[in-house]
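Each chain, letter by letter, is given below.
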Amino acid sequence: MNKRQTGAKQEHIACRYLEQRGVAIVERNYRTRRGEIDLIGLHEGYLLFAEVKYRAGAGCGFPEEAVTNAKQRTICKVAEWYLFTHEQILEQAPRGIRYDVIAILGEQIRWIQNAFDHQGN
């Protein structure tokens, strides 16, 4: 499998994982000129923007370490655009928004809720 195929497979696994834990997925691979958000969903009153990171092994570090400050800023900018163009979805998220990371290391999945705060500018 190439990187794109591996990424798509891992995002599908992460999507199923979240759905099994009560997340209603509303968007997958939401793209703008500013960047992409892997998964957008509703969970326990939150609108969540989730980044999926996969590593076959820990030799190159843990998957969540790849969600750098620059990546966080990109996710936040894309999330701002999503909210601007889908403002009605906030009615379904009375508790606000949350940025999560789905870290997949080999076969192990960790869901890091509220992994980082909104990164402005």
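Everything below is about the structure shown above.
Here we summarise the structure given alongside this text. What you are looking at is a predicted structure, and each value in this text was computed from that prediction instead of being measured.

## Quick look at the packing of aromatic side chains
For the structure on display, the rule yields five aromatic pairs. Judged by centre distance (4.9 Å) and plane angle (85°), the ring pair of Tyr 30 and Tyr 82 falls under edge-to-face. Here the residue Tyr 30 occupies a position in strand E1 (residues 24–32), and Tyr 82 occupies one in helix H2 (residues 69–85), the gap between them amounting to 52 residues. Accessibility classification places Tyr 30 together with Tyr 82 in one group, the buried group. Chaining the aromatic ring pairs together yields one cluster made of Tyr 30, Phe 49, Tyr 82, Tyr 99 and Phe 116. Sitting over the ring of Tyr 46, Arg 98 keeps its end group 5.1 Å from the ring centre.

## Let's talk about a positive patch on the surface
On the surface, Arg 33, Arg 34, Arg 73 and Lys 77 cluster together into a positively charged patch. Looking at the secondary structure, you find Lys 77 in helix H2.

## Description of the environment of Tyr 82
Note on Tyr 82: relative accessible area 2%, which makes it buried. Considering only alpha carbons, one finds Tyr 82 and Tyr 30, 52 residues apart in sequence, at a separation of 8.5 Å. Contacts of Tyr 82, omitting those with residues within four sequence positions, involve Val 26, Glu 27, Tyr 30, Ile 40, Leu 47, Phe 49 and Ile 89.

Rules of the game
- Residues numbered from 1 in each chain as written.
- Predicted model: local features only at pLDDT ≥ 70, side-chain atom pairs only at ≥ 80, totals over all residues.
- Heavy atoms only, no water.
- Phe/Tyr/Trp six-rings, centres within 6.5 Å; stacked < 30°, edge-to-face > 60°.
- Helix = DSSP H or I, 4+ residues; strand = E, 2+ residues; numbered from the N terminus.
- Buried < 20%, exposed > 50% of the residue type's maximum accessible area, 1.4 Å probe, protein only.
- Lys NZ or Arg CZ within 6 Å of the ring centre and 35° of its normal.
- Patch = residues over 30% accessible without salt bridge, like charges linked within 9 Å, V, L, I, M, F, W, Y side chains within 5 Å.
- Areas by Shrake-Rupley, 256 points an atom, 1.4 Å probe, with all protein chains shown as cover.
- Salt bridge = Lys/Arg side-chain N within 4 Å of Asp/Glu carboxyl O.
- Lys, Arg positive; Asp, Glu negative; His and termini not counted.
- Charge placed at Lys NZ, Arg CZ, Asp CG, Glu CD.
- Contact = heavy atoms within 4.5 Å.

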